[in-house]
Every structure is written in C-alpha cells, then in structure tokens.
Amino acid sequence: MSLSTFSSAPYTSAPAMLVRRRIATYFVGGIDQIPGLVATLTQHGKLIHELSVDVREGVRESSMVSTVLVSPDALDSLLDALRDLSSVVSAELA
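Read on for a plain summary of the structure. (Residues numbered from 1 in each chain as written. Predicted model: local features only at pLDDT ≥ 70, side-chain atom pairs only at ≥ 80, totals over all residues. Heavy atoms only, no water.)

Within a sheet, each strand pairs with its neighbour through backbone hydrogen bonds, oriented either parallel or antiparallel. Sheet architecture is open: four strands sit in the order β2-β3-β1-β4, paired in antiparallel fashion. Edge positions in the sheet fall to β2 (47-54) and β4 (88-93), since each of these pairs with one other strand and no more. Strand after strand, the sheet turns through a mean of 15° between neighbouring axes, direction not considered. Here helix α2 (residues 75-84) sits on the sheet and contacts β1 (19-27), β3 (62-70) and β4; the angle it forms with β4, its principal contact strand, is near 165°. (Pairing = 2+ DSSP bridges. Helix = DSSP H or I, 4+ residues; strand = E, 2+ residues; numbered from the N terminus. Axes fitted to C-alpha atoms, helices over the stretch in contact; angles between N-to-C directions. Contact = heavy atoms within 4.5 Å.)

Right, here's the structure in full:
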C-alpha cells in the first residue's frame, strides 16, 4: 500500500541565499568619499562584515576592501552601483 500527500498551496520561491563576497574599490577624492561608498554597499548588500580603507596623503587613488553579505543575483548590480559613483575608478571582486 502506498500513501501520497499532495498540497494545493501555490509554490513560492525561497529568498536567495546570501553569500559573503570580498569587494575591492579604488576611488579618488580621499576620505570625503567614504560615506557615499559605504552607503552604496549597504543599499545593495545586506551586511558589511569587514571594511578596510587605505587613504594616503599625496596619493591620487585610495582603496577600500569590504566583505559584504549579498545575494548572488544582486552582486552585479552592487558592483555597477559602485562603478557609477563619480569618485570610483574601479570596483571588482577581490
């Protein structure tokens, strides 16, 4: 004898699993640009785990490395949003 159970509830997809991604961003404009960069990360990512910024006197480009929890389908839009900032020279996976 076999017993089967069927559900008439509609299928709903689960939210995408968040993954940890390390992102390197190179930017100009010094320390004044950091709030905008962090705001962009938090708008597109869910949580910033690590953040390291290197700003040096007399050096044109500064760098920021961050580890962000983000869904895989939102990663490209996060990188594009960073690249769209006028101060950003480059944003890529580290």
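Let us now look at the pattern of salt bridges. If you walk through the whole model with that rule in mind, you get two salt bridges. We note a salt bridge from aspartate 54 to arginine 56, for which the minimum N-O separation is 3.0 Å. Look at arginine 56 and you get exposed, because its relative accessible area is 54%. Residue arginine 83 is joined to aspartate 80 by a salt bridge in which the shortest nitrogen-to-oxygen separation is 3.4 Å. Of this pair, arginine 83 and aspartate 80 are both found in helix α2, three residues apart, which corresponds to roughly one turn of the helix. With a relative accessible area of 42%, arginine 83 lands in the partly exposed category. (Salt bridge = Lys/Arg side-chain N within 4 Å of Asp/Glu carboxyl O. Buried < 20%, exposed > 50% of the residue type's maximum accessible area, 1.4 Å probe, protein only.)

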